[in-house]
Structure formats: structure tokens, C-alpha cells
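Chain residues, written in single-letter form:
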Amino acid sequence: MVVLFVECVAALLPNKNSNNYEEIAHPQVCILIPAHNEASNIAMTLSSLNSQLTSQDRVIVVADNCTDDTVKIAHEYGVTVIERNDILRRGKGYGLDFGLQYISTNPPEVVIFIDADCIVHPGTVEKLAKTAVFNNQPVQSTNLLKPPQPITARHAVSTLAFLVKNLVRQRGMQRLKLPASLTGTGMAVPWCLVNKVSFASSNIVEDKQLGLDFALVGYKPIFCEEALVTGYFPQQQKAGDTQKTRWVHGHLEILRSQFPQIIRMGLSQRRIDLIAIALDLTVLPISLLIMLWFVCAVFANVISVALGIIWLPAITIIEGVFLLIAILSTWMKFGRADLPVQMLLSIPFYMLWNIGIYCSFIVKPQKVWVRTGRDT
């Protein structure tokens, strides 16, 4: 809760980390788009890229085990399409690795990774490419999801939670000159760094793992807020549950399995960036944080009455104030347009909706990559 509070408050600070990449020429870019049965969305993605490409840029779609019209639609936009058929090694990481092997014979200066179901906003390609070359580090754009219309209370709160995770906390880390998290789409990597880590993975949160791997070898990802990629939350509840389960279970598994190693390396090597990454991992999804805080507050008061430890409830009160300030400041600065004040009352119901997802991690954690269902 303290880490969340610090990140959210830091996000309100003015930006003193200026980008000085304007003077460099547009790097040669290859945009890699992994696509598994994305016929309903890939045209939207390719259309959003058209006006941003120069004559030296390339777009490569990796049709990964596709059984629909993804290949046909992508060809209509004049991009290169390579097909991968491997039902045993499933997962986005394998698709990325397949595409990187293909372009290794004629590598670009920068590879930009874009999901096949999002909109790449004007100027994003150039900003990502120049930032990556100028800093020689992986770069993450602002990656947001918009609620479907008409908006429901569940989608509104999900939008706020995603905003906190992918904009506010990223912005806070950037203001503190600490590493960003990679979030899967809108990522740029200088080609000279591609071989520093392994992309071929069945990890259900391959993007977060990729960011950790880069940081561990000394190339901490940086956040480029000016670059923007947006998508949409699934309208169908089952698809939304699948997406949420993959994100939450993947995060909790990385926290469980890798936090001790990262914090130990950070302390032994005196690397503030690794310590910051480890602490950032401890920030659980907001609804889970609120539930855990409530349980701790109840137990603190019970123990206080039973044993006379009067200072124990005060700790939970301070924690609650931190949490409240973090959420309210985020909503007032960044989320009022997407989450009207009356929908804040739906947060308890949103927490109840997520209980099953959190409990299932203890009973049967998701370990296999499952694609989120798409709306047309």
C-alpha cells in the first residue's frame, strides 16, 4: 500500500525527464504483430499504422495457428504475413520468437511489438523508435483499455484499475527515474538488445517476464507516456474473466517465484532499480489490496480488544489513508471521465466479482496461456 501510494503521488509531479530524441533521424523500424485468429480486429490495427510508416519501415504479421481469415485480411493491407503452425508450443512468446527469427536475416534498428486488436495512435511509432534508439533501452508506450459502450459499472471500475496500473504507476516510476513495466503491446526494443533475453516462452504474462529479464541483464525498460496504444475490454463476461484470470494469476506467480531472487540481487548488487522492481511487484490488484486491508483491519481490532494492543488498529488506519489517497488522487486526476462518481459505489461489487479469480489461484492456478475471446 505504501508503494502504491508513493507511485500514485509521484505521478502527480511535473515531468522533468525530457525526451531529447527529436534531433535524431527516423530509425528503420520493423513492426511485429503476433495474431491468433484476429480476423475481427486486425484490420483496425493495420489501418491505424498506415499513416505512420515510412518507406523503410516494415510490418510483419505472425499468423500463429490461425484458422480464420487473419492471413487473408492482413494480405489485403500489403504487409508481410508469415504463418506459424505448432499446436504444442502455444503462447504469444513463441509467436514473437518466430517473427524475430524471420527478420534476423535483415534486421531493423528497432522492433516494435503491437497486438493485433488495438489502435496505434498518431506519432506513436516514431516516438517509440526514437526513444528506444536514443536511450538504447526497451521502451513501453501508454497502453490503455477502453470500456465498451454502453458502459457498465464493472467495465468502469476495470477501466480505472487498468488506468492505475498502466498509466499512473508507470508515470510515477518514470518521475522517480525507476524502471517501467512492459505491458505486451506498444513495446519497442533496439535490435542490438533482442538477443539479450529469450522471447520464446509459454509464460501467461510474457510481457511482465520480458521486462524483468531485460532489467536483470542491465537494460531497464523506460516509459514513453507520449506514445499511445489503446484497445477495448471484452464485452462478454466470460472473456473478461479469462483475461483477468491470466493477468492476476501471472502476476501472483511471478511475485511468488521471483520476488526473493530479485530483491536479493538488488540488495547484494546495490541496485536501486532491481529493488524498485521487486517492491513494484508487491502492489497487488487494487480490489485485492482493499479486501486484504479490510481483513487486516478487522483482525487488528479484534486483537486490540483481546490483548490490549491499542496501537495495532492505528497501523491499519494509516494504511487505509494511504490507499484512499492513492485511489482518490488517481480518480480525480486521470479517471473522472471514464468513471463517474456514482459508479464509485460499484467498487464493492467489483471486488466480489474478483473473489473467485483470486481464490482460484490458491486452488487451481492458471499456468497455460489462454487467448482472450474477442468481440466483433
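Look a little higher up for the structure.
Computed from a prediction, not measured in an experiment: that's the story for all the values here.

*Asks:* Describe the overall build of the chain, and please don't skip the residues or the numbers.
*Replies:* Of the regular secondary structure elements, the chain holds 12 helices and eight strands. Here the C-alpha atoms of the chain give a radius of gyration of 21 Å, agreeing with the 21 Å that 2.2 N^0.38 yields for 376 residues. Per-residue burial over the chain gives 53% buried out of 376 residues. Contacts spanning at least 24 positions in sequence make up 81% of the contacts within the chain whose residues lie at least 6 apart. For the chain, the exposed area adds up to about 17400 Å²; of that, 61% sits on carbon and sulfur atoms. On the chain, the mean spot of the 32 positive side-chain charges and the mean spot of the 28 negative ones are 6 Å from each other.

*Asks:* Go over the packing of aromatic side chains with me, naming the residues and quoting the values.
*Replies:* Applying the stated rule across the entire model yields five aromatic pairs. Judged by centre distance (5.8 Å) and plane angle (80°), the rings of Phe162 and Phe233 are edge-to-face. Of this pair, Phe162 sits in helix 6 (residues 153-175) while Phe233 sits in the loop between strand 8 (222-232) and helix 8 (237-269), and the two are 71 residues apart along the sequence. Looking at Phe162, the relative accessible area reads 8%, which means it is buried. Given the relative accessible area of 8%, Phe233 is considered buried. A connected cluster of aromatic rings, assembled from ring pairs, spans Phe113, Phe199 and Phe214. A cation over an aromatic ring shows up here: Arg336 above the ring of Trp331, its NZ or CZ 5.8 Å from the ring centre.

*Asks:* Provide a residue-level description of helix 5 (residues 124-135), including the pertinent values.
*Replies:* In this model, helix 5 (12 residues) spans 16 Å end to end at C-alpha, consistent with the 16 Å of a helix rising 1.5 Å per residue. Burial in helix 5 covers these residues: Thr124, Val125, Leu128, Ala129, Lys130, Thr131 and Ala132. Positive phi appears at Asn136, one or two residues downstream of helix 5, with a value of about 50°.

*Asks:* Account for a nonpolar patch on the surface, naming residues and giving values.
*Replies:* Together, Phe294, Val295, Val298, Phe299, Val302, Ile303 and Leu307 make up a nonpolar patch on the protein surface, roughly 670 Å² of accessible area in all. Inspection of the secondary structure assignment puts Val298 in helix 10 (residues 286-307). Using a relative accessible area of 39% as the deciding quantity, one classes Val298 as partly exposed.

*Asks:* Give me the pattern of salt bridges: which residues, what numbers.
*Replies:* For the structure on display, the rule yields 12 salt bridges. As a salt-bridge pair, Arg169 and Glu7 come within 2.8 Å of each other at their nearest N and O atoms. With Arg169 in helix 6 and Glu7 in helix 1 (residues 2-10), this residue pair connects regions lying 162 residues apart in the sequence. Residue class for Arg169 comes out buried when judged on its relative accessible area of 11%. Judged by its relative accessible area of 2%, Glu7 falls in the buried class. A salt bridge links Asp86 to Arg84; the shortest N-O distance between them is 4.0 Å. Classification of Arg84 by relative accessible area gives buried; the value is 4%.

*Asks:* Kindly report on the environment of Ala161, identifying the contributing residues and their values.
*Replies:* Structurally, the position occupied by Ala161 is in helix 6. By relative accessible area, Ala161 is classed as partly exposed at 22%.

*Asks:* Could you give an account of the pairing of strand 1 (residues 29-35), with specific residues and numbers?
*Replies:* Counting buried positions along strand 1 yields seven of seven residues, so the element is predominantly enclosed. A two-sided burial pattern is seen for strand 1, the buried positions comprising Val29, Ile31, Ile33 and Ala35 on one face and Cys30, Leu32 and Pro34 on the other. Pairing of strand 1 with strand 2 (residues 58-64) involves six bridges; the strand directions are parallel. Paired with Ile33 across the two strands is Val61, which belongs to strand 2.

About the thresholds
Note on numbering: residues in each chain are counted from 1, in written sequence order. A pLDDT threshold of at least 70 governs which residues receive local features in this predicted model, and a stricter bar of 80 or more applies before side-chain atom pairs are shown or counted, although totals over entire chains, interfaces and linings include all residues. As a rule here, side-chain values come from all non-hydrogen atoms in the structure, and water together with hydrogens is ignored. Each helix is a run of DSSP H or I of at least 4 residues and each strand a run of E of at least 2, with the numbering of both proceeding from the N terminus. Here the globule rule reads 2.2 Å times residues to the power 0.38, and the radius of gyration is calculated from C-alpha atoms. Burial classes: relative accessible area under 20% of the type maximum marks a residue as buried, over 50% as exposed, and values in between as partly exposed (1.4 Å probe, protein chains only). Pairs of residues are marked as contacts when any of their non-hydrogen atoms sit within 4.5 Å. Using a 1.4 Å probe, accessible areas were evaluated by the Shrake-Rupley method; residue-level cover was limited to the displayed protein chains. In this tally, Asp and Glu contribute negative charge and Lys and Arg positive charge; neither His nor the terminal groups of the chain are included. By convention, charge coordinates are those of NZ in Lys, CZ in Arg, CG in Asp, or CD in Glu. Two aromatic rings from Phe, Tyr or Trp, using only the six-membered ring of Trp, form a pair when their centres are within 6.5 Å; if the ring planes differ by under 30 degrees the pair is stacked, by over 60 it is edge-to-face, and anything between is tilted. Ring-over charges, as used throughout, are those where CZ of Arg or NZ of Lys falls within 6 Å of the ring centre and within 35 degrees of the ring normal. Each helix should span, by expectation, one fewer than its residue count multiplied by 1.5 Å. Patch building starts from residues that exceed 30% relative accessible area and form no salt bridge, then joins like charges within 9 Å and nonpolar side chains (Val, Leu, Ile, Met, Phe, Trp, Tyr) within 5 Å. Salt bridges, as used here, are contacts in which a Lys or Arg side-chain nitrogen is within 4 Å of a carboxyl oxygen on Asp or Glu. Two strands qualify as a pair provided DSSP detects at least 2 bridges between them.

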